[in-house]
Amino acid sequence: MFINQIKAPKSLMVLIGYMGSGKSTVGLQLSKILNFGFVDLDQYISEKEGIPVSEIFNKKGEIYFRKKESLYLKEVLLLEKTVIALGGGTPCYANNMDLISQNEHVTSVYLKASIQLLSNRLKMEQMHRPLISHIKDPEAFVEFVGKHLFERSHFYNQADFTISIDGKETEEIVSDIERQLF
Ligand code: S3P
């Protein structure tokens, strides 16, 4: 094999996907394997702002959050050798997905999950998630996730790779990503 045919990961791996798709868990694992740093964008925002993301939503509102999210995304996209787990909404606001897909240092991966899997996972941690914490009725909850995912898919589908995660453990998802990279 010629040397220029050997594929190597670019210096930034960006994980995108709906809430509950495991971006942070998978991202941390992947960073260890690649020997990259790891940044969870929500965590980064909350450290910079000095309050948890849920409180930013409650106290300052979603528009404020989205502005900060876009600002801090630009900061983390300047890092090197880093896996970045985005928030579920990050690719869908401002020109964030363009910044990701037009950046030649970035490989983006969409962790794709079914509505059922996401709903089941999210129901258990609904209270910590400002966008879904108000939906009490179980059917309305699944319906919300389905519609919301559909609206967002346009952005998620712009990722370089899509990995289906239903029925897979973290290790298998990380191996699937590795297979795409090497
Ligand atoms: C959001 C997802 C959250 C967080 C915020 C908004 C969204 O991140 O950024 O609550 O719009 O989907 P996770 O996907 O990490 O839960």
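Scroll up to find the structure this text is about.
Structural notes, computed from the coordinates. (Residues numbered from 1 in each chain as written. Predicted model: local features only at pLDDT ≥ 70, side-chain atom pairs only at ≥ 80, totals over all residues. Heavy atoms only, no water.)

1. A short note on the site of the ligand
Around the ligand sit 14 residues, and of these Asp 42, Arg 66, Gly 88, Arg 129 and Arg 152 come closest. Between the ligand and Gly 89 there is a distance of 3.2 Å, counted from an oxygen atom to a backbone nitrogen or oxygen. Within the side chain of Arg 129, an N or O atom sits 2.3 Å from an oxygen atom of the ligand. Across the complex, the protein chains shield 91% of the 390 Å² of accessible surface that the ligand would expose by itself. Counting only elements with at least two residues in the shell around the ligand, the list comes to α3 (53-60) and α4 (62-76). (Near = heavy atom within 4 Å. Polar contact = N/O pair within 3.5 Å; in protein donor to acceptor, adjacent residues only side chain to side chain. Areas by Shrake-Rupley, 256 points an atom, 1.4 Å probe, with all protein chains shown as cover. Helix = DSSP H or I, 4+ residues; strand = E, 2+ residues; numbered from the N terminus.)

2. Some points on the environment of Arg 179
Inspection of the secondary structure assignment puts Arg 179 in helix α8 (residues 170-181). With 107 residues separating them along the chain, Arg 179 and Tyr 72 place their C-alpha atoms 30 Å apart.

3. A look at the nonpolar core
With 51 residues, the main nonpolar core has Met 13, Leu 111 and Ile 177 as its most contacted residues. The element that contributes the greatest number of residues to this core is strand β1 (residues 12-16), accounting for 5 residues. Not counting chain neighbours up to four residues away, the residues in contact with Ile 177 comprise Met 13, Leu 15, Val 26, Leu 30, Val 109, Leu 111 and Ile 163. (Core = buried A, V, L, I, M, F, W, Y, C linked by side-chain atoms within 4.5 Å. Buried < 20%, exposed > 50% of the residue type's maximum accessible area, 1.4 Å probe, protein only. Contact = heavy atoms within 4.5 Å.)

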